[in-house]
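# Fold and contact review
So the chains spell out like this:
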Amino acid sequence: MKTFKYIVLGLVLLGFGCKKQDEFLTKYPLDQLTDDTYWTSENNVRTFAYGFYPNYFPGYASGFDLTWGGYFSGESLNDDFAPTTPTTFVRNVPASASGTSPSSWYFNNVRRANLFINRIQRVPMSAEAISHWTGIARFFRGMEYAAKVKSYGDLPWYGRVLNETDEAELYQTRQPRTAVMDSVLADFKYAAANVRAVDAGVSNANKLTVTKMVVLAFMSRVFLYEGTWQKYQANNTAKATEYLEAAKWAANEVMTNGGYQVTANYRQLFNSLDLGTNPEIIMYRKYQQGLLTHSLHNYVNKEPQTGASKNAVESYLCSDGLPISVSPLYQGDKGINNVMANRDPRISETFAKELRLNGVVSNFSTSGYACIKFFNDALKDQTNGNSNLNDTQAPVIRYGEVLMNYVEAVAELGTLTQADLDLTINKLRQRGGYTVKLPALQVMGNQPAVNGVAYDDPKRDPSVSPILWEIRRERRVELMMEGFRNDDLKRWKKYPYLDTRANPDINLGAWINKADYAKTLSVTIQNNTTEGYIVPAPKAETQRIFDNPKVYLNPIPLDQIKLYQDHGVTLTQNPGW
C-alpha cells in the first residue's frame, strides 16, 4: 500500500526482530524517542539498521511471505516437491494490496530506507562512518526494490523521502524495469565500495551482520537473476550482459578476497548449532533457546512432510559423474537402496535412506522420499530438537551459492573456461567429507565431459545447451530445497517445467510394491496397481497447469490502480492481467 507511517524506533536485538507469531525478537525502549532526538550516535544508527534484518534475512522463520524463509517446503511452487495438492499459479487479480514483505506492493520499507539515508547525514560521526551506513541503507533499498521487481517488473522509483504533499512523485507512473534495476545496481555498487569489511562496533557479531562480503554475495544473486531475466524474458542482450557482468564481478570479489572455503560437511551447513566458524558461511541467522527458536528441525523429523518428486531425485548424477540415463552404475529405482546406490553423495545428505510411507510411519512423506537436509540426528530426542524450540542455525547466504552464481554468469556470458569450472563446481564436488567424490566436470566446446569423454543427457531440454544444462543441474542439486528453484525457473522462462500434466515425473514419488508391507498403505499407485510409482496428487482437478505466461509477473492490486485513478494518474496493469 502507498500508506506512509511514522517510523517506530526500537532497540532490536541482534537476533533480528520481535517475539510474536513471526518469531522475531523486539525490545522497545522505555523512553519515547522521536525523529528529532534519535539521530545522535553511531550506535543508534546501527540499531536502526537492525530493524531491516527480518525483511531480508528470515533464516528458518517466516519471511518474504514464505514459511521457514523459503527453505524446504516453504517455497513449493517448483518441480522439486510432489505435494498432494500442487501449489498453483496466481489466477486472480487481488482486490487490495496485502502483506508487508519486500515482494509485495507496499513501499513502507522503501520510505524507511530513504529516511535512513537522509538521517545518517546529520549524525555526528566520521565521514567514513557516514559512507558506511549510507552504504548499508542503500543496500537495503536495493534489496527491497530487487524483490519488488521480481514480483511486478516495472515500478515507481522513490529515491528520496517524500511527504504527503509530494503528490506528483507519490503517484508517479511505473518506471521501466531496466531503469529501476539500474538504480538498484547503483545502490549495490555504492554499498560494495563503502560498507566495512567488519563492523568493529559490534562484539561477537561474526557473520551475523551486513559486511562488504555480504553485500557482494547478495549482489551476485540479484544480478544473476536480473541478467538472465533480461536474456530470456526481455530479449535485451545489452542489459543482460551488463547485469551478468555485475553478478560475475561481485561473485569474483567474494571468491578472490573473502577468504571463504567449501566446508567438508554439506549437511552441517543446515543442521548445526553453531555456524560462526563454518568457512563456507558468509552470513547466518542465530537461534538461541529462550530467545529465538524455530520449528523446521522438528518438521523434517516428526511431522508428515511434502516429499521430493521423482524428477528431483533423478536429477542427481551417478558417482561416475554421468546422468542416470547414461551411467552404467545406475541401479534403477525399485527400492530406496537402489536409488541411493552409486550416486552423487549429496543425495544421501538431502534425503533419508529409507522410504517414509503413509500407513507405515506417522512422519510420512507424500512421495515416500523424505528430506533430512535440515535434521540433526544428535537432537532427535532433545528438547531443542522438538516442537518449536529448535535452535539449529540458519544460513542466510553461503559461499556455495556464490560459486554457482559465478559459474552460471560466465556460462551465460559465453566465456566459460575449464578454470571457471575448477574454481566453482569442481570445488563443490570435492568436499572433503565425502567418501566418494564426483569426478571433475569438464567442458569440451559446449559439451560437458568427465574423464575426457563428452556426454549429453538424453533428458536435456533441447533449448538449453548441454554444458548449461549440467550447470543448471549442479545448481539445482547444490541448492536443493533452499528456496531458489521457483526463481530459477522464472528467470529462465521455464515455467512449463511446473505443469504436472506435461511433466508427470513431478507428480510421482518412489517406486513401491504394496505386497512388501504388512500394513495397509494410504498411497495411490500409478495406474491404480499394486506396484509402481506413488502418485501424490491423483485427482485431475488438483493438477497444476501452465497455460499463460502472464504468471511470470504478479498482477497489480486493484485498489492501487483505483488509488492512482483518483489522483488523475494511470497505473498500468501487468500484461495479461
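Read on for an overview of the structure. On a predicted model such as this, the values are computed, not experimentally measured, just so you know.

Right, let's get into the packing of helix H5 (residues 127-152) against helix H8 (residues 212-232). Between H5 and H8, whose axes approach to 11 Å, the crossing angle comes to 25°. Judged by the inter-axis angle, H5 sits roughly parallel to H8. Crossing of H5 against H8: the hand is left-handed. Counting all contacts with H5, which are made through Phe-139, Met-143, Ala-146, Val-149 and Lys-150, the residues of H8 involved are Val-215, Phe-218, Val-222, Tyr-225 and Glu-226. Its residues assigned to classes, the contact of H5 with H8 shows eight nonpolar, no polar and two charged.

This paragraph deals with unusual backbone geometry. In this structure, Asn-342 takes a positive phi of about 55° despite not being glycine. With respect to the helices and strands, the residue Asn-342 is situated in the loop between helix H13 (336-340) and helix H14 (346-350). We classify Asn-342 as partly exposed; its relative accessible area is 34%.

Moving on, we get to helix H4 (residues 108-120). Its 13 residues give H4 an end-to-end C-alpha distance of 18 Å, which sits within 8% of 18 Å, the value for a rise of 1.5 Å per residue. Judged by how many residues are buried, H4 sits mostly within the fold: twelve of 13 residues are covered. Listed in full, the buried residues belonging to H4 are Asn-108, Asn-109, Val-110, Arg-111, Arg-112, Ala-113, Asn-114, Leu-115, Phe-116, Ile-117, Arg-119 and Ile-120. Those residues of H4 that are buried are in contact with helix H1 (35-38), helix H2 (42-50), helix H3 (53-56) and H5.

Next up on the list: the sheet that holds strand E5 (residues 442-444). With respect to topology, three strands assemble into an open sheet ordered E5-E6-E7, the strand pairing being antiparallel. Where the open sheet ends on each side, the last strands, each with one partner, are E5 and strand E7 (453-454). Seen against the sheet, helix H18 (residues 466-478) touches E5 and strand E6 (447-450) and runs at an angle of roughly 65° to E6.

For the rest of this paragraph, the subject is the packing of aromatic side chains. Describing an aromatic ring pair means giving the distance of the ring centres and the angle of the ring planes. Throughout the structure, instances matching the rule amount to 41 aromatic pairs. One cation-aromatic arrangement involves Lys-150 over Tyr-225; the distance from NZ or CZ to the ring centre is 5.2 Å. Lying across the ring of Phe-270, Lys-373 places its NZ or CZ 4.4 Å from the centre.

Moving on, we get to the environment of Pro-504. Considering the arrangement of structural elements, one finds Pro-504 in the loop between helix H19 (485-491) and strand E8 (511-513). Distance in space between the C-alpha atoms of Pro-504 and Val-300 is 25 Å, their sequence separation being 204 residues.

Another aspect to go through is the pattern of salt bridges. Applying the stated rule across the entire model yields 46 salt bridges. In this structure, Arg-46 and Asp-199 form a salt bridge, with 2.8 Å as the shortest nitrogen-oxygen distance. Of the two residues, Arg-46 sits in helix H2 while Asp-199 sits in the loop between helix H7 (177-194) and H8, which places them 153 residues apart along the sequence. Side by side, Arg-46 and Asp-199 carry an identical accessibility label, which is buried. Of the charged contacts, one joins Glu-280 and Arg-431 as a salt bridge, the two residues approaching to 2.9 Å between their closest N and O atoms. With Glu-280 in the loop between helix H10 (268-271) and strand E2 (281-285) and Arg-431 in the loop between helix H17 (425-429) and E5, this pair connects stretches of sequence that are 151 residues apart.

Counting buried positions along strand E4 (residues 394-398) gives five out of five residues, so the element sits mostly inside the fold. One ladder, built from four bridges, connects E2 with E4; its direction is antiparallel. When the sheet's bridge partners are listed, Met-283 is paired in E4 with Ile-397.

Take the nonpolar core next. Proteins that are soluble and globular tend to have nonpolar side chains buried together. Membership of the largest hydrophobic core comes to 99 residues, with the highest contact counts inside it found for Phe-57, Phe-116, Phe-139, Phe-188, Val-210 and Phe-223. Among the elements that make up this core, the one with the highest residue count is H5 (twelve residues). Counting 47 residues, the second largest nonpolar core, distinct from the first, contains Phe-72, Ala-394, Ala-510 and Ile-512.

Definitions and cut-offs
Residues numbered from 1 in each chain as written. Predicted model: local features only at pLDDT ≥ 70, side-chain atom pairs only at ≥ 80, totals over all residues. Heavy atoms only, no water. Axes fitted to C-alpha atoms, helices over the stretch in contact; angles between N-to-C directions. Helix = DSSP H or I, 4+ residues; strand = E, 2+ residues; numbered from the N terminus. Parallel < 35°, antiparallel > 145°, perpendicular 65-115°, else oblique. Left-handed = near helix turned anticlockwise from the far one by under 90°. Contact = heavy atoms within 4.5 Å. Nonpolar A, V, L, I, M, F, W, Y, C, P; charged D, E, K, R; others polar. Buried < 20%, exposed > 50% of the residue type's maximum accessible area, 1.4 Å probe, protein only. Expected span 1.5 Å × (residues − 1). Pairing = 2+ DSSP bridges. Phe/Tyr/Trp six-rings, centres within 6.5 Å; stacked < 30°, edge-to-face > 60°. Lys NZ or Arg CZ within 6 Å of the ring centre and 35° of its normal. Salt bridge = Lys/Arg side-chain N within 4 Å of Asp/Glu carboxyl O. Core = buried A, V, L, I, M, F, W, Y, C linked by side-chain atoms within 4.5 Å.

Geometry only, nothing functional implied.
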